[in-house]
Each structure stands twice: as structure tokens, then as C-alpha cells.
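Spelled out from the first residue to the last, the chains are:
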There are 2 protein chains.
Amino acid sequence: MTTGAKAEPRSDEDRRARILDATWQLIAERGFHAVRIADIAKVCGTSTGTVHYYFPGKNDVLAEALKYCVDRAFARQSSQLRAVHNAHERLLKLIDMQLPRVGQVRDEWAIWLQYWAEATIRPEFRPAHNEYYARWQETVRRIVQRGQRQGVFRAAADPHIVALRLTALTDGAAIQVLTGVPGMTIGTMRELLVDFVHQELVADVS
Amino acid sequence: MTTGAKAEPRSDEDRRARILDATWQLIAERGFHAVRIADIAKVCGTSTGTVHYYFPGKNDVLAEALKYCVDRAFARQSSQLRAVHNAHERLLKLIDMQLPRVGQVRDEWAIWLQYWAEATIRPEFRPAHNEYYARWQETVRRIVQRGQRQGVFRAAADPHIVALRLTALTDGAAIQVLTGVPGMTIGTMRELLVDFVHQELVADVS
DNA sequence: GGGCTAACTGACGCATCAGTCAAACCTTTG
DNA sequence: CAAAGGTTTGACTGATGCGTCAGTTAGCCC
């Protein structure tokens, strides 16, 4: 409903992908547990039977939709980041791409919040979640290491620790934006993260 | 099921409180949307009719249960913090009390995750959420100001900013603990937060 | 054309729950 | 004691939605 690409899929076997695409957007809009198979079918212009034809049960559609969304987002980020060679700029670019503005990125953050709530309660969601989360942390860590090689980041910083902190800080700030905490806007969030990067990785003294 | 006080309520009109107590624990265990009126009644040793006698609808029970939990946790924290007079120690005590160990505190964190997921989707949850979140941030901010008055914290730090950062960092770290991100344990979380406090508020240079 | 299969449909069966209600129960007051 | 009013019960209802399945259509090979 928001900004997801809804262009006609070329042939038949990405019907599956169409279903997943509709599903993750519905999750982002209405929440994990408010999504009905009938809603998915309606958005896809198909029947509930078809959804069950491709996925054994509702849980499977939902779980795969989460993965699908996170995967696409990661791929998109990666490809855009590759174009930026300076590590400092690349990190700032990453931060910028992750700001939960309205639209696509905000919906993706909504997915993460749903994912967290679900993974807390249902341990079977954790392995997949942790894989994706680790991949994200690793992206950050690599940029830090790259920056140290390039000499734009302090050599003394521990990339692992910095990644842990920066991801935590990003998540926490995103929560405040998404839940509408007064005083936490997109701008505040960017400032907060940029400052953090500067203090941890750029500033001269320790 | 975990550690909530389940002692016999003295008379009749805290039957309401008993229901809320059972409800928030069920939310923490099973998730917001998996809680059934019948479950609440069963835990309370009463009937579904009684639950509806005290609360007009399911939504009311759930929403009030969230508030109830957050309120109790806040009161408990406040009373324990009051005993610590040195601001630095008080902040460390706060951090310690908020580590999501198993049991009560972990359940309370689970409630926050559910709250966030819900507030993201349903704007009507935001006002209450933001009120509680603001109260928490204010607690942190006041401790920082207190520390500056006492001279144990750097005067240059902006209490508002520090509170924003520390709460975000805490939330982010808690998510990683609750979702079981490898490498993020209670110990790591404490270390991360204590380091942050030291760097932002205690270390000499800026 | 005639068999075969894969893709798709949508009505139906069945389970699950929120909320209702009339009756039962208990407590208080006159 | 009796009436009144507050509280509790649990069977019931109506709605909702998942998953199934018998049936349909479309493509494909012989």
C-alpha cells in the first residue's frame, strides 16, 4: 500500500514472490498477528487457496515474508554501499539509508519491531533473526575495519565493540522514532548516530 | 508463572489488580495477541464472565495490563534508587536493575517489546507509551543532573542528550539479549552501558 | 483428440474466542 | 428475616478465519 514495487511479475513462478511481497507489507502495516490469509490473497488478486498452494500454512507465509523483506533490504543496501569507497562516507551513507523516514524504510523498520517481539516469545524465530542481525552487524564491522585500513578511523577502536554499540544505538533510536517519542525525530536520530561515529571512530583523543 | 507475587488478595476490589497481574505476565510469556480471556480467567481461578465484569473488552484488559506492569516496575525502581545518594552509583544501580536477567525483569522487558510493536502499528497506544517512556528518560536525565551538581559527572554533558542516548542504547542492547543475538549476554550489556556512562559522563577529556 | 499434470479456485467444515445473559450466589441494610 | 444490590458463573451465540478438498482451467506430450 505504501511504496513497495507492485509491478506485474513477468511469468508464473515468482507468484511466490508476489505473495511474500504482499505479506511483508501487510505485516508492516497491520502487525504480524493481524494479517489474514484472505488479505494476502486480496492484495495479490488471487484466492486463499493459491496462498495455501505455495505455502503449507499461515506461519510459513509469515515467517518467510519476514526473511524476504530483510533479505531484499539487505541486498539493496549492499549494492548502494558498494558505490561509496571512503569508509567514513560509507558509514554515514549506511546511517542515512537506515533512517526510518516514511515509506519503504519505515515499513522495513516496522518489520524489525515485529520480528523482535516475535523472536522474544517464540524461540523458533531466533535462528533466522540472529542470522540476519549478525549480517547487519558484520556490515558495520567491516566498514569500521575498512576505515581503519584507510586510516580514516581510529586504529584503537575495537570494530566488534563499535558494531555492537552502533547497532544497539540505531535500534534504540529507531524505536523512539517509530513509537513517536517526543523529541526524537529523523533529524535527531541522524545527529545522534553521526555524533556517535565521530566520537568513537574519528575524534583524536580517547 | 515466573516471579509475580501471587499471594491471596486481601479482599475483593483488588480482584481487578489480580486480573491485570495475570494479564501482563501472560503477555510477557505468550505475546500480546496470544493472550485469551479464558487464559486470564484460568490463571486467576475465576471465570471469563468475571473478567468482563471488571473490563468492558479484551482490549481494555490488555492495554491496562501494559500500563499496570510498567507502573509497578517504575515504582519498584524508584524506591530502590532513592536509597543510593551518589549519582554515579545511582546510575550504575539503575543499569543493574534494568539488565534483563531471567525472571521478573526479563518479563518486563518482554512487555516493552510488545508495547513497541503495538505502538508502531496502533497509534492509539502511543500516548500512554510515550508518557511512560518519557518518565523513564526523565529518571535518567535527573540522575545526570544530580551527578553534575554533585560534581561526579562532567558539567559539559547535556543531560537531555545523554538521557536520549543512554535509553536508546539500553533498549537496543536489551533487544539483542532478548532475541538471543550471539555475543550479547547480560554481562556484555552491562559492560557496554557502564563504558558508555564512563565515556560520556566521567572521563576527563572530551 | 485424449490422457496427464500443474496451477488455481472458492465454498465449506471445523475450531476458536470475545462477549452476552440469565440465573445463582453472596453481602449488606432495613 | 427479607429485599436489594453487588458479584460471579458458565453455557451459549455469533463471528471470524485457517485449512481442506472437490472441481475447474490451461498447458503439454503422445
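What counts, and where the lines are drawn
Residues numbered from 1 in each chain as written. Chains lettered and ligands numbered in written order. Predicted model: local features only at pLDDT ≥ 70, side-chain atom pairs only at ≥ 80, totals over all residues. Helix = DSSP H or I, 4+ residues; strand = E, 2+ residues; numbered from the N terminus. Near = placed C-beta within 6 Å. Nonpolar A, V, L, I, M, F, W, Y, C, P; charged D, E, K, R; others polar. Buried ≥ 20, exposed ≤ 12 C-beta atoms within 10 Å, placed from the backbone. Arc of directions from axis to C-beta. Contact = placed C-beta atoms within 7 Å. Core = buried A, V, L, I, M, F, W, Y, C linked by C-beta atoms within 7 Å. Least-squares fit on C-alpha atoms with pLDDT ≥ 70 in both. Expected span 1.5 Å × (residues − 1). UniProt positions renumbered as here; feature names shortened; annotations may be inferred.

- Chain A carries the name TetR family transcriptional regulator in an unreviewed UniProt entry, which gives Streptomyces antioxidans as its organism.

**Describing the overall build of chain A**
Part 1 of the reasoning: A count of helices and strands for chain A gives 9 helices and 0 strands.
Part 2 of the reasoning: Along its sequence from the N terminus, chain A presents helices and strands in the succession α-α-α-α-α-α-α-α-α.

**A short note on the protein's contact with DNA strand C**
Part 1 of the reasoning: Near DNA strand C you find 16 residues, and of these Gly49(A), Thr50(A), Ile37(B), Gly57(B) and Lys58(B) are the closest.
Part 2 of the reasoning: Among the secondary structure elements, those contributing two or more residues to the surface near DNA strand C are helix H3 (48–54) of chain A together with helix H2 (37–44) and helix H3 (48–54) of chain B.
Part 3 of the reasoning: Looking at the surface near DNA strand C, the element that brings in the most residues is H3(A), giving 4 residues.
Part 4 of the reasoning: Here the residues of the surface near DNA strand C sort into 3 nonpolar, 9 polar and 4 charged.

**Observations concerning helix H5 (residues 87–97) of chain B**
Residue and element names in this part refer to chain B.
Part 1 of the reasoning: Buried within H5 we find Ala87, Arg90, Leu91 and Leu94. Around the axis of H5, the buried residues are gathered within 100° of arc, so they sit on the same side.
Part 2 of the reasoning: Of the surrounding elements, those touching the buried residues of H5 are helix H4 (58–82), helix H7 (126–150) and helix H9 (186–202).

**As for the nonpolar core**
Part 1 of the reasoning: The biggest cluster of nonpolar side chains holds 120 residues, and the ones touching the most others in it are Ile111(A) and Ile111(B).
Part 2 of the reasoning: The contact partners of Ile111(B), leaving out residues within four places of it in the chain, are Trp24(B), Ile27(B), Ala28(B), Leu66(B), Cys69(B) and Val70(B).

**Quick look at the relation of the copies chain B and chain A**
Part 1 of the reasoning: For the pair chain B and chain A, the best superposition has an RMSD of 0.1 Å and corresponds to a rotation of 180° with a translation of 0.0 Å parallel to the axis. With respect to symmetry, the two chain copies, as superposed, fit the operation of a two-fold axis.
Part 2 of the reasoning: Comparing interface residues between copies, 100% of those in chain B also sit at the interface in chain A, which points to an isologous, same-surface contact.

**A word on helix H8 (residues 159–178) of chain B**
Residues and elements named next belong to chain B.
Part 1 of the reasoning: The terminal C-alpha atoms of H8, which comprises 20 residues, lie 28 Å apart, in line with the 28 Å expected from a rise of 1.5 Å per residue.
Part 2 of the reasoning: Across the 20 residues of H8, 17 count as buried, placing the element largely inside the fold.
Part 3 of the reasoning: Remark: Gly180 follows H8 within two positions and exhibits a positive phi of approximately 75°.

**Things to note about the interface of chain B and chain A**
Part 1 of the reasoning: The interface is formed by 34 residues belonging to chain B together with 34 residues belonging to chain A.
Part 2 of the reasoning: Counting residues per element, the ones that place at least two in the side of chain B that touches chain A are helix H6 (104–121), H7 and H8 of chain B.
Part 3 of the reasoning: Of the residues assigned to the side of chain B that touches chain A, the class counts are 18 nonpolar, 12 polar and 4 charged.

**Observations concerning the environment of Ala119(B)**
Part 1 of the reasoning: With respect to the helices and strands, the residue Ala119(B) is situated in helix H6.
Part 2 of the reasoning: Between the C-alpha atoms of Ala119(B) and Asn130(B), which are 11 residues apart in sequence, the distance is 9.4 Å.

**Considering the UniProt feature "DNA-binding region" (unreviewed entry) in chain A**
Part 1 of the reasoning: The sites that UniProt annotates as "DNA-binding region" (unreviewed entry) are residues 36–55 of chain A.
Part 2 of the reasoning: Secondary structure content for residues 36–55 of chain A is 75% helix and 0% strand, and the end C-alpha separation is 14 Å.

**Focus on the protein's contact with DNA strand D**
Part 1 of the reasoning: Near DNA strand D you find 16 residues, and of these Ile37(A), Gly57(A), Lys58(A), Thr46(B) and Gly49(B) are the closest.
Part 2 of the reasoning: Elements supplying a minimum of two residues to the surface near DNA strand D: helix H2 (37–44) and H3 of chain A together with H3 of chain B.
Part 3 of the reasoning: Top contributing element to the surface near DNA strand D by residue count: H3(B), with 4 residues.
Part 4 of the reasoning: Here the surface near DNA strand D is composed, by residue class, of 3 nonpolar, 9 polar and 4 charged.

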